[in-house]
Amino acid sequence: MDRSSAKERIEQLRRELHRHNHLYYVEAAPEISDFEFDLMLQELEGLEKKYPEFSDDNSPTKRVGSDIVEGFEQHPHEIPMLSLGNTYSREELADFEARIRKTIDEGVEYVCELKYDGVAISLTYENGSLVRALTRGDGVVGDDVTTNVRTIRSIPLKLTGHDYPPRFEIRGEVLMPLEGFRKMNEARSKRGEQVFANPRNATAGTLKMQNSAVVAQRPLDCYLYAAALKEQVFETHFESLNACKAWGFKIPPYSNLVGSLEEVYAYIDHWAGKRGELPFEIDGVVVKVNSLDQQRILGFTAKTPRWAIAYKFKAQQASTKLLGVDFQVGRTGAVTPVANLAPVPLAGTTVKRASLHNADQMRMLDLREEDVVFVEKGGDIIPKIVGVDKAQRTGDPPAIRFIRHCPECGTELVRLPGEAAHYCPNAYGCPPQIRERIEHFISRKAMNINAAGATIALLYKEGLVSNPADLYQLQYEDIIGLERFAEKSSQNLVASIQESREVPFPRVLYALGIRYVGETVAKKLAQYFGSIHRLREASMEELVEVEEIGERIAGSVISFFDDPKNNEIIGALEQAGLQLESEQTADEGLASEKLKDMTFVISGKFSDYSRDELKELVEKHGGKNVGSVSSKTSYILAGKNMGPEKLKKAEALGIPVISVEDFMELIKD
Ligand code: IVH
């Protein structure tokens, strides 16, 4: 490779890796397997080594990912939270062992553990009580998810026994066992909600929820695999795990203490074959040096320990013939390519269809007609195509191209800058978009109108409804006589529509199906603005003032109200008597107006009040809560260990930082 093509490749890899990092850590919706990611990263590392003149501090090789999400306090880890080096072959494992042998010239014992496919967590215990739970974040600072983690039943809130250190951190993995995951997804799909792609995504999404009551309903579990003690009280890792077990922690089942590389291979082979029988997902095996003295001698590289390594399983793959590609149009108009495949058994099910994600993905695969493709099921519900078996291709078959026009309505597709998906812009004329919007509108968490998808399709086909507001014009006479509609079912439908007029405003707002406005965001917007009219008038600046609302959501809200058609429908819904403002108008139910026009940022830990209680007090006295400090913030209500970033910003902007006692003075009668 010459210099200039190396430069090009480096830049391309960096772009791709940044994008996949974001998909993985921020969106919790990865498009490629860890294996593919690691391959790209390795290629980049190699090139950067060879061509140091193209080095860049912001290269994906120079940082570990971050899962930090706005809306959580961040705290430093007392001991940095590193990750593990990955290997995929025996040779690499042998190299790992050889490196250890160079430093340690006595016998080395290894502990083989399963590599849980979940989300890493660090728990801090003080005098035997759980005081904090942090995600890995960037390894130095993590998000404080204590409230959510407290709901995980297998995590002890209080330890048993007495011989635990007065203060220590312990690391492990939060995960969602398969049975619970499947049940949860089934229920979600019945309710018309989006299903999670795999247990890891479900775990990551759940841990970052703002409502721990919902978290408590989710079937999370946690295995602790390393006590991060500042003083060495144990001789071996194995011994420390057993102590952790005695203190009440759930420690990894199926760990083996072995004395040779051969035994490590045997452990790997065993679990590579049996992983499907475990009640949770694993993505490999972790091999750790058992002696803590030896661990200390071996030490760390910049990012990973030298005494442990992860052997990752390749996702389960199969190859099969591509029969064709369908293009599906969703509620938002996004077009998803889906491959039809010759049925092939894979990891316990028969695969007939696989997602191709988007046009870029198709181009990257260089998919041709009649190709033999590799499908992979990395725990994902929907299998994906990860490659083409080019050796089986004969001649130069025609490429499969992404369509240019909507398969449903013929409108030319558009692709917004910075987005991977193509959209059909004909929101109000494209049948599946219309039907799915109405289906979303009536779903249980929205207007809860009791009708099946097939009913909506029928009403639409008969020309009776083409938008949510039309539902409120439906009369008994219109429905009776339609296919499958008898007296009783017609009455029920009309009654259910009638009842939905009482559904409170936040749910109506959610029902409108504004892009990125899910249930939680709808609640926040409804609470902040109080009515659809005030929300419609809101500017970008006002919208981003609302806790958890960033520019992406704000932009989507604004463009929704910019569309005259949407306003027409809202007008008709208003006519129909729907709840388009919050019941509790501005000052009803307020304890006082002492905090009127004031905005508060609550930060840190409080001993006498929960943050939710404090937030409620702010609202009860007419104030507003926001998530981040800006020049418009009136006060910062600070507890113990408030976020250092917030404090810096507050000082820079000269915003008063007050204690709970000061706050109580403010609202005192
Ligand atoms: S030990 C110093 N043990 O894998 C690193 N990690 O790629 C200590 N993981 O971030 C990690 N199972 O989230 C360890 N038995 C196990 C594990 C495990 C899963 C995860 C963990 C870590 C990642 C490393």
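Parameters and conventions
Residues numbered from 1 in each chain as written. Predicted model: local features only at pLDDT ≥ 70, side-chain atom pairs only at ≥ 80, totals over all residues. Heavy atoms only, no water. Helix = DSSP H or I, 4+ residues; strand = E, 2+ residues; numbered from the N terminus. Rg over C-alpha atoms; globule rule 2.2 N^0.38 Å. Buried < 20%, exposed > 50% of the residue type's maximum accessible area, 1.4 Å probe, protein only. Contact = heavy atoms within 4.5 Å. Areas by Shrake-Rupley, 256 points an atom, 1.4 Å probe, with all protein chains shown as cover. Lys, Arg positive; Asp, Glu negative; His and termini not counted. Charge placed at Lys NZ, Arg CZ, Asp CG, Glu CD. Pairing = 2+ DSSP bridges. Core = buried A, V, L, I, M, F, W, Y, C linked by side-chain atoms within 4.5 Å. Near = heavy atom within 4 Å. Polar contact = N/O pair within 3.5 Å; in protein donor to acceptor, adjacent residues only side chain to side chain. Axes fitted to C-alpha atoms, helices over the stretch in contact; angles between N-to-C directions. Parallel < 35°, antiparallel > 145°, perpendicular 65-115°, else oblique. Left-handed = near helix turned anticlockwise from the far one by under 90°. Nonpolar A, V, L, I, M, F, W, Y, C, P; charged D, E, K, R; others polar.

Student: How would you explain the overall build of the chain if you had to name every residue and give the values?
Tutor: A tally of helices and strands in the chain yields 24 helices and 22 strands. Taking 2.2 N^0.38 as the reference for a compact globule, 669 residues should give roughly 26 Å; the C-alpha atoms of the chain span a radius of gyration of 28 Å, in line with that estimate. Dimensions of the chain, computed from the C-alpha atoms along their principal axes, are close to 85 × 80 × 55 Å. Each of the 669 residues in the chain was classed as buried or not, and the buried ones make up 48%. In the chain, of all internal contacts separated by at least 6 residues, the share reaching a separation of at least 24 is 68%. If you sum the accessible surface of the chain, you get close to 33,000 Å²; carbon and sulfur atoms cover 49% of it. Side-chain charges in the chain split into 83 positive and 101 negative, and the spacing between the mean points of these groups amounts to 2 Å.

Student: Explain the sheet that holds strand β22 (residues 657–658) to me, using residue names and the numbers behind them.
Tutor: Taken in spatial order, the 4 strands line up as β20-β19-β21-β22 in an open sheet, and their pairing is parallel. Each edge of the open sheet carries a strand with a single partner, namely β20 (624–625) and β22. In the sheet, strand β21 (residues 635–638) pairs with β22 via 2 bridges, with the strands oriented parallel. Within β22, the position partnered with L637 by the bridge is I658.

Student: Tell me about the nonpolar core, residues and numbers included.
Tutor: Residues F441, M447, L471, Y472, L509, L525 and V557 are the most contacted members of the largest nonpolar core, which totals 52 residues. Those elements giving two or more residues to this core turn out to be α12 (431–442), α13 (453–461), α15 (487–499), α16 (505–511), α17 (519–529), α18 (532–537), α20 (551–562) and α21 (564–575). Leave out the neighbours within four places in its chain, and V557 touches I514, V517, L525, L535 and L543. Core analysis: the second largest hydrophobic core is formed by 35 residues, I121, A243, F249 and L292 among them.

Student: Which residues make up the site of the ligand, and what values go with them?
Tutor: The local shell around the ligand consists of L82, L84, E113, L114, K115, Y116, A120, E173, Y225, V286, K288 and P305. Within the side chain of K115, one N or O atom sits 3.0 Å away from an oxygen atom of the ligand. Measuring from a nitrogen atom of the ligand, one finds a backbone N or O atom of Y116 at 3.0 Å. The protein chains hide 88% of the 520 Å² of surface that the ligand would expose on its own. Of all the elements in the fold, those that place two or more residues in the shell around the ligand are β3 (110–116) and β10 (282–289).

Student: Describe the packing of α12 against α13, with residues and values.
Tutor: The description of two packed helices rests on the angle between their axes and on the distance between the axes. For the pair α12 and α13, interaxial distance at closest approach is 10 Å and the crossing angle is 130 degrees. By the angle between their directions, the pair α12 and α13 is classed as oblique. Here α12 runs over α13; the crossing is right-handed. Contact residues: P431, I434, R435, I438, E439 and I442 in α12; G453, I456, A457 and Y460 in α13. Classifying every residue of the contact of α12 with α13 gives 7 nonpolar, 1 polar and 2 charged.

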